[in-house]
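Each chain, written out:
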Amino acid sequence: MAQTGLPFAYDQQTAPRVTEEFLDSLPHDLRLPCEQSPFLAEYLRQVPIDEIGMPKYFSKPNRNMGQMDPPNLIYPIKDGLYVHIYPDATGARNHYIPIEPTTVVSVDHLVAQVDEKLIGWAEEIGRLEDKEEKRKLLLQLIDYFCTTQRRPANGSRRPDKICVTPEELEGVRYRILRDKVGLGVLQPLLLDPFIEDISCSGVGHIFVEHKMFKSVQSSIVFATHDEVDDFVVWLGEWIKHPVTVRNPLVDAVLPDGSRINIVYGREISKRGSNFTIRKFSGTPISVLELIGFGSLDYMIAAYLSLMLEEGLNLFVVGATASGKTTLLNAINTFLKPDAKIVTIEDTPEVHVPHKNWVQEVTRSMGAENKGGEVGMFELLKAALRQRPDRIIVGEIRAIEAVVAFQAMQTGHGVMSTFHADSVEKLIQRLTGEPINIPKTYIDNLHLAVIQQAVRLSNGKMARRVLSVNEIIGYDPVTETFSFLEAFRWNPTTDTFEFPGYMNSYLLEQVIAIRRGIPPHKRKSIYDEVKRRARIFEKLHKEKGVTDFDEFFQILCEARRQNLL
C-alpha cells in the first residue's frame, strides 16, 4: 500500500516527546489545536521551522489562504484531521500534507497484529452494512485486543494483549477505521472540502487540485507498481466495481457522490495502474459566492435571472475543469420555485434546490446491472413525457443534442454544459458530425455562456465568465449565424463590460414582450436588470448572504411578494 513521503527528514522512533516548553513556543492560535490533538504537536515538532518558519494557522479555512506566498499554513478538515500546505524549496510545486495520528507515529507493526486478531471476527464485521455499527464494533475489538498498561509482576494481565502507548492506541484506532470503514490513504483527501480532484498517475506521489493552491503534491506515495496495482484492486472491491485484467477500466461513483475512474495494469497504461477522483462538492457554490470570487458580476447575475425566469434555453460552454457545472448549479436558483425540473446525467453533479425535482442517471452495461444499458438519449426522450418545465442535461456530447433541440422546439426549457471554447466552436460542433443539428434549429438555443479558467494579471489562475452571448439566428442566404455579445470580461481590469446595454435582442425582443412591456417602453427592461443587480449586491454586501439554499429561499419569498 501507499507510504508517507514528507518533504523533510524526521525520526519516528528516537525523537523526544512534545514538551511543555515546545507548546509554549507556539503561537496562541496554534497551541490550542495542538493541546486538543497531540498528534498535531508531534507533527509540528518534526517540521523544520528554522528553515520554513512557523506555519500560520487558519481555524476557519477560507479562500484568502491562497494569497500567502510562499504558502506555509495549517488548517483543520473533517474528523479532527489537519492539512499542512508546505512550501516547496524550488518553487515548483508546493506540498499537501494530511496530518493524521499516524503521520509521524509508526503503528504499522501494531496494525498488523490487530489485523491478525480481527480475522477471527471477519464474519461479524463483514455482516454489518451500516458504517456506524461497523465503526463501533471495530473500536470495541481494538480496545479488547490492546492495552496501555504494563504487565503486572504477578502476570495477572492476559498475555495475549497488545501493549501500546496512548499515542499508538490513537494511531491504531485511526488506521483501522480509516482502512476498514473509510477509503484508506485517500480518506483525508476526501474529507477536505477545498480539494477538487485527486490524481494518481502511477508510481510516485498522489497529486491533488486545490481550490486555492491549484496543483499540489501530496505526501502519499506509491513506491512500486505492485503497490499501485494492489491499491486499485482494493479500491475497485471497496466501491463494488472490481477491476481485473479482463475488465481494466472502471467508472463509478463513491458514496459521497465523487466520480472515480480507474485504469488497471501496464498493458493499457505504460506508467501502470492509475486513478482519478473528481470530488463531489456537496452544497453548491451560490451565485453570490461566485461574484465574490470574481467569476461574474451582479449585472450578469441579474441578466441571467431574467432569462431563466422566462424559460429561455442556455448552455454553459467551456473546457474541462473550467467551472461549467459549478456555474450551472449556481444559476439553478434563478429557476421559478414552482417549476418541475428533470436532470439527466452520467454522474450526479447537477444540484437543484427545487422540491419538484426528478433526478435521472444513466446506467451502463455491466455485471452488476441485471437490465440493459440506459443512456442519455433514452432518458432525455423519456423526460419529454414527464411534462417538465425545465430539463437540465449534465453534459451534451453527441446524439442526445438532437432530442434536446427537439425539446426546445416544443417549448421545454433546456439547460446543459457543453465542451467548446467559443460560440463559433459551439455552433460548429452542434451542426457538424456526429451531432448534425439542422442549422435552422440553432436559434432555439438562446444563450451561450462561455466559462474559462484564465490567468490574471498577477499570475494567479481563476475562473471567469468570458462572455454571455445571445444567439439570434441563421441566415440561409449567406449561410452565417448571428449572435450578440451581451457581456464580456476585460482581462486588463478583471471587470465585466455590458456591450449589450440598450442593444440586447433577448431583453428587448423576447423578455420585454413576455413581461407585457409595450413597444415604446421596451428600453425600461434595462432598469429591471439594474434593479435586480442592486438587490443582489445588497443581499451580498449588506446582509452577508452567500449560502446557496438561503439565497434560493430569499428569491422564493421575493417572488411570492412580487418583488421580482
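Along each chain, residue indices are assigned from 1 in the same order as the chain's sequence is written. Selection of residues for local features in this predicted model requires a pLDDT of at least 70, selection of side-chain atom pairs for listing and counting requires 80 or more, and totals for whole chains, interfaces and linings are taken over all residues. Based on all heavy atoms of the structure, the side-chain values leave hydrogens and waters out of the count.

1. Thoughts on the overall build of the chain
Numbering of helices and strands starts at the N terminus; helices are DSSP runs of H or I of at least 4 residues and strands are runs of E of at least 2. When helices and strands are counted, the chain shows 19 helices and 22 strands. With the principal axes as the frame, the chain shows a C-alpha extent of 100 × 55 × 45 Å. Contacts are assigned to residue pairs that have any heavy atoms within 4.5 Å of one another. Sequence separation of 24 or more characterises 55% of the internal contacts of the chain that already satisfy a separation of 6 or more. Accessible surface for the chain amounts to roughly 27,000 Å². Of this, 49% is attributable to carbon and sulfur atoms. Counting rule for charge: Lys and Arg are taken as positive, Asp and Glu as negative, and neither His nor the chain ends is counted. Every charge is mapped to an atom, namely NZ of Lys, CZ of Arg, CG of Asp or CD of Glu. Of the side chains in the chain, 66 bear a positive and 74 a negative charge, and the two mean positions are spaced by 4 Å. In this description, accessible areas are obtained by the Shrake-Rupley approach with a 1.4 Å probe, and a residue is regarded as covered only by the protein chains that are shown.

2. A look at helix α12 (residues 298–309)
Here α12 contains 12 residues, and its C-alpha end-to-end distance of 16 Å stays within 8% of the 16 Å for a straight helix at 1.5 Å per residue. Exposure categories follow from relative accessible area, calculated using a 1.4 Å probe and restricted to protein chains: below 20% of the type maximum is buried, above 50% is exposed, and the middle band is partly exposed. Burial runs high along α12: 11 of the 12 residues are buried. Those residues of α12 that fall on the buried side of the exposure criterion are Tyr298, Ile300, Ala301, Ala302, Tyr303, Leu304, Ser305, Leu306, Met307, Leu308 and Glu309. The term polar contact refers here to a pair of N or O atoms within 3.5 Å; inside protein, the definition further demands a hydrogen-donor-capable atom paired with an acceptor-capable atom, and it admits residues adjacent in sequence only when both atoms are side-chain atoms. With a side-chain oxygen lying 3.3 Å from the backbone nitrogen of Met299, the N-terminal cap of α12 falls on Asp297. Of the residues one or two after α12, Gly311 is the one with positive phi, at around 80°. Helix span, expected: 1.5 Å multiplied by one less than the number of residues in the helix.

3. Things to note about the environment of Ile125
Checked against the element boundaries, Ile125 lands in helix α6 (residues 122–127). Taking the C-alpha atoms as reference, Ile125 lies 43 Å from Lys340; in sequence the two are 215 residues apart. In this structure, Ile125 is in contact with Leu118, Lys134, Leu137, Leu138 and Leu141, ignoring residues within four places of it in sequence.

4. Some remarks on the environment of Leu507
Relative to the helices and strands, Leu507 resides in helix α17 (residues 505–514). Judged by its relative accessible area of 0%, Leu507 is buried. With 22 residues separating them along the chain, Leu507 and Val529 place their C-alpha atoms 9.3 Å apart. Excluding anything up to four places from it in sequence, Leu507 contacts Tyr303, Leu306, Met307, Glu470, Phe498, Ala512, Ile525, Tyr526 and Val529.

5. Observations regarding the nonpolar core
Nonpolar cores were defined as sets of buried Ala, Val, Leu, Ile, Met, Phe, Trp, Tyr and Cys residues, with membership established by side-chain atoms within 4.5 Å. Grouped together as the largest cluster of nonpolar side chains are 62 residues, with contacts concentrated most on Tyr75, Leu186 and Phe275. No other element matches helix α3 (residues 38–46), which puts 5 residues into this core. In this structure, Tyr75 is in contact with Phe58, Pro61, Met65, Tyr82, Val83, Ile85, Tyr96, Asp192, Phe194 and His210, ignoring residues within four places of it in sequence. Counting residues in each nonpolar core, the second largest holds 60 residues, with Val287, Val468, Trp489 and Ala533 among its members.

6. With respect to the pattern of salt bridges
A carboxyl oxygen of Asp or Glu within 4 Å of a side-chain nitrogen of Lys or Arg is what we treat as a salt bridge. Counting across every chain of the model gives 31 salt bridges. One salt bridge connects Arg31 with Glu20, and the closest N-O pair in it is separated by 2.5 Å. A residue pair is termed long-range when its members are at least 10 positions apart, and Arg31 in helix α2 (residues 28–36) and Glu20 in helix α1 (residues 20–24) qualify at 11 residues. The class of Arg31 is buried, set by a relative accessible area of 17%. By relative accessible area, Glu20 is classed as partly exposed at 48%. The residue Arg515 makes a salt bridge to Glu309 at a minimum N-O spacing of 3.4 Å. Of this pair, Arg515 sits in the loop between α17 and α18 (525–542) while Glu309 sits in helix α12, and the two are 206 residues apart along the sequence. Classification of Arg515 as partly exposed rests on a relative accessible area of 31%.

7. Let's talk about the packing of helix α5 (residues 108–118) against helix α8 (residues 166–180)
Running from amino to carboxyl end, α5 crosses α8 at an angle of 60°, the nearest separation of the two axes being 10 Å. What the angle tells us is that α5 and α8 run oblique. When you trace α5 past α8, the crossing you get is right-handed. For the pair α5 and α8, contact is made by Asp108, Leu110, Val111, Val114, Asp115 and Leu118 and by Glu168, Val172, Arg175, Ile176 and Lys180, respectively. Taken together, the residues of the contact of α5 with α8 sort by class into 6 nonpolar, no polar and 5 charged. Working convention: axes come from line fits to C-alpha atoms, limited for helices to the stretch in contact. Angles between N-to-C directions cover 0 to 180 degrees. What sets the label is the angle itself: under 35 degrees gives roughly parallel, over 145 gives roughly antiparallel, 65 to 115 gives roughly perpendicular, and the rest give oblique. Handedness of each helix crossing follows the sense of rotation of the near helix against the far helix: counterclockwise by less than a right angle gives left-handed, clockwise gives right-handed. Note that Gly is not counted as nonpolar here; it falls among the polar residues with everything else outside the nonpolar set of Ala, Val, Leu, Ile, Met, Phe, Trp, Tyr, Cys and Pro and the charged set of Asp, Glu, Lys and Arg.

8. Section: the side chain of Asp297
Here Asp297 shows up in the loop between α11 (287–293) and α12. At 3.3 Å, the side chain of Asp297 forms a polar contact with the backbone nitrogen of Met299. For Asp297, the side chain forms a polar contact with the main-chain nitrogen of Ile300, separated by 2.9 Å. If sequence neighbours within four positions are ignored, Asp297 has contacts with Ile291 and Phe496.

9. Quick look at the confidence of the model for the chain
The predictor reports its confidence for every residue as pLDDT, a score running from 0 up to 100. On average, residues of the chain score 91 in pLDDT, and 96% of them are at 70 or above. In the model of the chain, helix α14 (residues 376–383) stands out as the element of lowest mean pLDDT, 86, in contrast to strand β22 (residues 495–497), which has the highest, 98.

10. Looking at the packing of aromatic side chains
For Phe, Tyr and Trp, where Trp contributes only its six-membered ring, two rings pair if their centres lie within 6.5 Å, and the inter-plane angle classes them as stacked under 30 degrees, edge-to-face over 60, or tilted in between. One pass over the full model with this rule turns up 20 aromatic pairs. Ring plane angle 75° and centroid distance 5.1 Å describe the contact between Tyr303 and Phe487, whose orientation is recorded as edge-to-face. A residue pair is termed long-range when its members are at least 10 positions apart, and Tyr303 in helix α12 and Phe487 in strand β21 (residues 480–490) qualify at 184 residues. Neither residue differs from the other here; Tyr303 and Phe487 are each classed as buried. By definition, being over a ring means that NZ of Lys or CZ of Arg is both within 6 Å of the ring centre and within 35 degrees of the ring normal. The side chain of Lys56 reaches across the aromatic face of Phe58, ending 5.6 Å from its centre. Here the basic side chain of Lys161 rests over the ring of Tyr144, its NZ or CZ set 5.1 Å away from the ring centre.

11. Section: the side chain of Gln451
Turning to its location among the elements, Gln451 is positioned in strand β19 (residues 447–455). A distance of 3.2 Å separates a polar atom in the side chain of Gln451 from the backbone oxygen of Ser322. The residues touching Gln451, leaving out its near neighbours within four places in the chain, are Val316, Val317, Gly318, Ala319, Ser322, Gly323, Lys324, Leu327, Arg463, Arg464 and Val465.

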